[in-house]
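Listed here are the chains, written in short residue letters.
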Protein chains: 2
Amino acid sequence: MESVARFQSNLPTDSARTPGRSCRRLHGRFAWVTATESTTGQTGRARRGPGRNTGATRQRIVAESARLFADRGYHATGVADISRAAGLGSGALYHHMGSKEEILLEICRPHVIEVLARGEAIQCSDEPALQKLRKLARVHMEMIATRTLELRVSLRELDSFTGSNKIEMRQLRDRTEAVWDAIVADGLRRGELAGVDPLFVKAVLGALNYAVLWFHEGGALSSDEVADRIIALMLGE
Amino acid sequence: MESVARFQSNLPTDSARTPGRSCRRLHGRFAWVTATESTTGQTGRARRGPGRNTGATRQRIVAESARLFADRGYHATGVADISRAAGLGSGALYHHMGSKEEILLEICRPHVIEVLARGEAIQCSDEPALQKLRKLARVHMEMIATRTLELRVSLRELDSFTGSNKIEMRQLRDRTEAVWDAIVADGLRRGELAGVDPLFVKAVLGALNYAVLWFHEGGALSSDEVADRIIALMLGE
């Protein structure tokens, strides 16, 4: 598979990868993430003119597409399927969305950015490392519980992005993982954590992501309980 | 998402889901699995006549398809792409394979069956439960290390199967998970394991499956070492 390193030369400096650095720099990155999200959203709308119903139609297109992509996959879903599901006439879709990949990006990007932004805020808090890891896991599980379709599409279709979208989505994933790495490294340095296996971050992300296939809101366990138990299973109470 | 229970009414009785039953029944199931694998392979070849190069051509089609499906996804790969990659003229592909889904099945099914068969053999051995779980994890990681492309396709395209293929592939996945469940339940009953969180099986399968995205043969850790560390991380040494 493609090496992550291949993409890293294109990325801005990732201070979360360097444990021990001041968190002030991360606040800067956090602001950058939020600004990027906001700017892209505005640009998307501005490019097509702010018609009264454009926003609502885009939302409907994205919601119907998430359902279709989660059900049958991105590539197996045609633009005609999306138009039909969103109640749009032939050709009208492109009035609202630039391409099918733009829809995929609008499904996947916002919650990945939210997880990263909330993760960086947790990273910069003053709590002990174990508490930070519990909170990160809860945010991750909250997304799986409340945006199940979008998460399923994101986890399955990461390789369906092309060009700069592919680079950005991989970068966001790597930065999310880097937040976990940095909190563990910091916790070990400060003596708040001990004997954490270097595989912990990979293992916990795998365990959390897998929940997208089996977790049901309203089931025996809440998303917070699943998060707490997975952390306890790997790090002890 | 679709409930697994929806499919279970179609499945043969799954004795691995009933901890405490005699392993003799499992030996029966184990034999059934192996027989099915063998029969299907023979049927596939016999149906099209045992031409001298048919087997080799089928293997080439399956290998090239695995590469293409892993790279760009099942639905995004056309029959023309496969024919070109396998060096076959237009239309010749269907002389060797009944459909694109048959190719997908031939990529995914054999190693899932092998994991299940080896898992059931481990389940029926006389070793302590913790040792059985370590061995299961090693088998899982060995598959990820040696059949990376096939595993990536299997994990990503489970929802791309249709009809009876979909039922069979979900059944195989559920039965593989049931082997883990049964070993844990048996270990708890015999007092060989204590205090294992009921989420352990979901967590360990998530952690192992995630390795398909980051594990590289020849990297810092062997597949056995990754398996041992993931089990130790969750159950202690």
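Residues numbered from 1 in each chain as written. Chains lettered and ligands numbered in written order. Predicted model: local features only at pLDDT ≥ 70, side-chain atom pairs only at ≥ 80, totals over all residues. Heavy atoms only, no water.

### Describing the overall build of chain A
- Helix and strand counts for chain A come out as 11 helices and 0 strands.
- Going from the N terminus to the C terminus, chain A shows its helices and strands as α-α-α-α-α-α-α-α-α-α-α.
- Going through the 237 residues of chain A one by one, you find that 49% of them count as buried.
- Once local pairs closer than 6 in sequence are excluded, the contacts in chain A between residues at least 24 apart make up 74%.
- When the accessible surface of chain A is summed, it comes to about 10900 Å², and 52% of that surface belongs to carbon and sulfur atoms. (Helix = DSSP H or I, 4+ residues; strand = E, 2+ residues; numbered from the N terminus. Buried < 20%, exposed > 50% of the residue type's maximum accessible area, 1.4 Å probe, protein only. Contact = heavy atoms within 4.5 Å. Areas by Shrake-Rupley, 256 points an atom, 1.4 Å probe, with all protein chains shown as cover.)

### Some words on the environment of Glu150 of chain B
Residue and element names in this part refer to chain B.
- Along the chain, Glu150 turns up in helix H8 (residues 148–157).
- Classification of Glu150 by relative accessible area gives partly exposed; the value is 26%.
- The spatial distance from the C-alpha of Glu150 to the C-alpha of Phe69 is 9.0 Å, given a sequence separation of 81 residues.
- Residues contacting Glu150, with those up to four places away along its chain left out, are Ile107 and His111.

### Considering empty space enclosed by the protein
- Tallied over the full model, the rule gives 5 cavities of 30 Å³ or more.
- Of all the elements in the fold, those that place two or more residues in the lining of the largest cavity are helix H8 (148–157) of chain A together with H8 of chain B.
- Here the residues of the lining of the largest cavity are counted per class, giving 2 nonpolar, 4 polar and 5 charged. (1 Å grid on protein atoms, 1.4 Å probe; cavity = no way out; pocket = protein on both sides within 12 Å on 5 of 7 lines; lining within 4 Å. Points joined across faces, edges and corners; volume = space filled by probe spheres on them. Nonpolar A, V, L, I, M, F, W, Y, C, P; charged D, E, K, R; others polar.)

### Here we look at the side chain of Lys132 of chain B
All names here are of chain B.
- Here Lys132 shows up in helix H7 (residues 129–146).
- Asp186 provides the closest opposite charge to the buried, salt-bridge-free Lys132, at an N-O distance of 4.8 Å.
- Polar contacts involving the side chain of Lys132 include one to the main-chain carbonyl oxygen of Gln123, which spans 2.9 Å.
- Look past the residues within four positions of Lys132 in its chain and what remains in contact with it is Ile122, Gln123, Ser125, Glu127 and Ile183. (Lys, Arg positive; Asp, Glu negative; His and termini not counted. Salt bridge = Lys/Arg side-chain N within 4 Å of Asp/Glu carboxyl O. Polar contact = N/O pair within 3.5 Å; in protein donor to acceptor, adjacent residues only side chain to side chain.)

### Overview of the confidence of the model for chain A
Residues and elements named next belong to chain A.
- Mean pLDDT over chain A: 81, with 77% of residues reaching 70 or higher.
- The low-confidence segment residues 1–22 (pLDDT under 50) makes 37 contacts with residues lying over four places distant or belonging to another chain.
- Ignoring residues within four places in sequence, the model shows residues 24–52, a span with pLDDT below 50, making 37 contacts including any to other chains. (pLDDT = per-residue confidence, 0-100.)

### Remarks on the interface of chain A and chain B
- Between chain A and chain B, the contact holds 34 residues from the first and 34 residues from the second.
- Summed over both sides, the interface of chain A with chain B buries roughly 3000 Å², with 63% coming from carbon and sulfur.
- One can count 8 salt bridges joining chain A with chain B.
- Here Arg229 of chain A ties to Asp197 of chain B by a salt bridge, and the two come within 3.3 Å at their closest N and O atoms.
- Elements supplying a minimum of two residues to the side of chain A that touches chain B: helix H3 (54–72), H8, helix H9 (163–189), helix H10 (200–210) and helix H11 (223–235) of chain A. (Buried area = accessible area lost by both parts, 1.4 Å probe.)

### Points about the packing of H7 of chain B against helix H10 (residues 200–210) of chain B
Residues and elements named next belong to chain B.
- Relative to each other, H7 and H10 sit at 30 degrees, their axes nearing to 10 Å. Judged by the angle between their axes, H7 and H10 are roughly parallel. As H7 runs across H10, the sense of the crossing is right-handed. When H7 is examined against H10, the residues Leu133, Ala137, His140, Met141 and Ile144 are found in contact with a partner set consisting of Phe200, Leu205, Leu208 and Asn209.
- Counted by class, the contact of H7 with H10 contains 7 nonpolar, 2 polar and no charged residues. (Axes fitted to C-alpha atoms, helices over the stretch in contact; angles between N-to-C directions. Parallel < 35°, antiparallel > 145°, perpendicular 65-115°, else oblique. Left-handed = near helix turned anticlockwise from the far one by under 90°.)

### Looking at the packing of aromatic side chains
Residues and elements named next belong to chain B.
- Counted by the stated rule, this structure contains 6 aromatic pairs over all chains.
- On the basis of an interplanar angle of 85 degrees and a centroid distance of 5.1 Å, the ring pair of Phe69 and Tyr74 is categorised as edge-to-face.
- Classification of Phe69 by relative accessible area gives buried; the value is 0%.
- You can call Tyr74 buried: its relative accessible area is 5%. (Phe/Tyr/Trp six-rings, centres within 6.5 Å; stacked < 30°, edge-to-face > 60°.)

### Considerations on the relation of the copies chain A and chain B
- By a simple turn and slide, chain A fits onto chain B: the slide is 0.0 Å along the axis, the RMSD is 0.0 Å, and the turn is 180 degrees. Read as a symmetry element, the transformation amounts to a two-fold axis.
- When the interface residues of chain A are mapped onto chain B, 100% of them again fall at the interface, so both copies present the same face. (Least-squares fit on C-alpha atoms with pLDDT ≥ 70 in both.)

### Things to note about the nonpolar core
- Counting residues in each nonpolar core, the largest one holds 124 residues, and the members touching the most others are Trp180 and Phe200 of chain A together with Trp180 and Phe200 of chain B.
- Look past the residues within four positions of Phe200 of chain B in its chain and what remains in contact with it is Leu233 of chain A together with Leu133, Trp180, Val184, Ile231, Met234 and Leu235 of chain B. (Core = buried A, V, L, I, M, F, W, Y, C linked by side-chain atoms within 4.5 Å.)

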